Amino acid sequence: MILKIMQVGTPVLRQSAAPVDPARIRTPEFQQLIEMMRATMLDAPGVGLAAPQVGVGLRVAVIEDRAEAIALMPADDVAKKNRRPVPFHVIVNPTLTVVDDTKATFVEGCLSVSGFAAEVSRARAVQVKGLDHRGAAITIDAQGWYARILQHEIDHLNGQLYVDLMDTRTFVNTAVR
Ligand code: ZN
């Protein structure tokens, strides 16, 4: 089932999402939420989706950066962005620590700010700790584009959007870019 993706202006996108009770993760309801988020992300398509984007104020996000999609992009662009395939995975109650605070600046978009994009500077490397789709503790060390995806999705859980961080003069309607 494909869920409706909330657009900027919807209050849930600006609220701090609630922690997930780890005991809930293995319940059929929560597993169904994960599956619906996965299907919605794939359909959009996108490389990440946070629960508030589908109107659910919980600290959970799904991520997948598919090799098939990366293969269609110019190789120099992929290299510059340090973009590599990331298998599908779920992060629950994530905490993020910046490992390398030197900034990378690239054009970024968001499924909840449909039709627009802008340059955003983000840390090059981060470490994320949290729980996976079964409630097991995970630690993720990420660089490059994956580090950007994690920062973007975890911002969503804190009610933050890329437009809060963007270089405002680079903001474009993607139809005219
Ligand atoms: Zn987003």
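Let us look at the structure shown here.

Rules and cut-offs
- Residues numbered from 1 in each chain as written.
- Predicted model: local features only at pLDDT ≥ 70, side-chain atom pairs only at ≥ 80, totals over all residues.
- Heavy atoms only, no water.
- Salt bridge = Lys/Arg side-chain N within 4 Å of Asp/Glu carboxyl O.
- Buried < 20%, exposed > 50% of the residue type's maximum accessible area, 1.4 Å probe, protein only.
- Helix = DSSP H or I, 4+ residues; strand = E, 2+ residues; numbered from the N terminus.
- Donors = N, O, S within 2.8 Å, 3.2 Å for Na, K, Ca; no water.

1. With respect to the pattern of salt bridges
Phase 1: With the rule as written, the count across this model stands at 9 salt bridges.
Phase 2: Of the charged contacts, one joins E64 and R66 as a salt bridge, the two residues approaching to 3.6 Å between their closest N and O atoms.
Phase 3: Judged by relative accessible area, R66 falls into the partly exposed class, the value being 33%.
Phase 4: Across the pair R122 and D155 runs a salt bridge, and its minimum N-O distance is 3.0 Å. Of this pair, R122 sits in strand β4 (residues 116-131) while D155 sits in helix α4 (residues 144-157); the two residues are 33 residues apart in sequence, bridging distant segments of the chain. Here the two residues R122 and D155 agree in accessibility, since each one is buried.
Phase 5: Salt bridges sharing common partners tie together E108, R122, R148 and D155.

2. Here we look at the coordination of the zinc ion
Phase 1: Protein coordination at the zinc ion comes from C110 (SG), H152 (NE2) and H156 (NE2), with a distance range of 2.0 to 2.3 Å.
Phase 2: If you list the donors of the zinc ion from N- to C-terminus, the spacing comes out as C-x41-H-x3-H. Remark: H156 and H152 occur in helix α4; sequence separation between them is 4 residues, near one turn of the helix.
Phase 3: For H156, a relative accessible area of 1% translates into the label buried.

Purely geometric numbers; function is a separate question.
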